[in-house]
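Letter by letter, the chains look like this.
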Amino acid sequence: MALLAAVGLAPDGLTPYEGLPEVTPIPMSALARPGADPATVEAAFTAVRELLA
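Residue numbers run consecutively from 1 along every chain, following the written order of its sequence. Residue-level local features of this predicted model are given only where pLDDT is at least 70; pairs of side-chain atoms are given and counted only at 80 or more, and the full residue set underlies all totals for whole chains, interfaces and linings. Side-chain measures were taken over the full set of non-hydrogen atoms in the model, leaving aside hydrogen atoms and water.

What follows covers the overall build of the protein. A tally of helices and strands in the protein yields one helix and zero strands. Relative to a compact globule of 53 residues, whose C-alpha radius of gyration would be 10 Å, the protein shows 15 Å and is clearly more extended. Summarising its shape, the C-alpha atoms of the protein cover approximately 45 × 25 × 20 Å along the three principal directions. Classification of residues uses two cut-offs on accessible area relative to the type maximum, computed with a 1.4 Å probe and protein chains only: under 20% is buried, over 50% is exposed, and between them is partly exposed. Within the protein, the proportion of its 53 residues that are buried is 2%. Element-wise, carbon and sulfur atoms account for 64% of the exposed surface of the protein, whose accessible area totals about 5300 Å². Helix and strand assignments follow DSSP, with helices taken as H or I runs no shorter than four residues and strands as E runs no shorter than two, numbered in order from the N terminus. A radius of gyration in this sense is built from C-alpha atoms; the matching globule rule multiplies 2.2 Å by the number of residues raised to 0.38. Residue burial considers only the protein chains on display, and all accessible areas are found by Shrake-Rupley using a 1.4 Å probe.

Further remarks concern the pattern of salt bridges. The salt bridge criterion pairs a side-chain nitrogen of Lys or Arg with a carboxyl oxygen of Asp or Glu, the two atoms within 4 Å. Summed over the entire model, instances satisfying the criterion amount to one salt bridge. Measuring nitrogen to oxygen at the nearest pair gives 3.7 Å for the salt bridge that ties E42 to R49. Overall, the relative accessible area of 43% leaves E42 in the partly exposed class.

Bringing the layout of surface pockets into the picture now. Considering only enclosed or pocket space, the largest pocket measures out at about 1100 Å³ in volume. We place a 1 Å grid over just the protein atoms. Points where a 1.4 Å probe fits but has no way out form a cavity, open points with protein on both sides within 12 Å along at least 5 of 7 lines form a pocket, and any residue with an atom within 4 Å of a point lines it. Residue lining of the largest pocket: 25 residues in total, with A2, L3, L4, A5 and A6 positioned closest to the centre. Of the residues contributing to the lining of the largest pocket, the split by class is 20 nonpolar, three polar and two charged. Grid points are joined across faces, edges and corners, and a volume is the space filled by probe spheres set on the points. Nonpolar residues are Ala, Val, Leu, Ile, Met, Phe, Trp, Tyr, Cys and Pro. Charged residues are Asp, Glu, Lys and Arg, and all others, Gly as well, are polar.

Here you go:
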């Protein structure tokens, strides 16, 4: 059993289980590696924000 984010379809072989209590949302943060291209970092962060919105 694992607690996974519900974004999109479940991977093959995994089945959602509905009988558990709700979980409290937690903050999420993302960091880019030092030296990463700023445009690439911003594009990646924007894509993740849109996916999670």
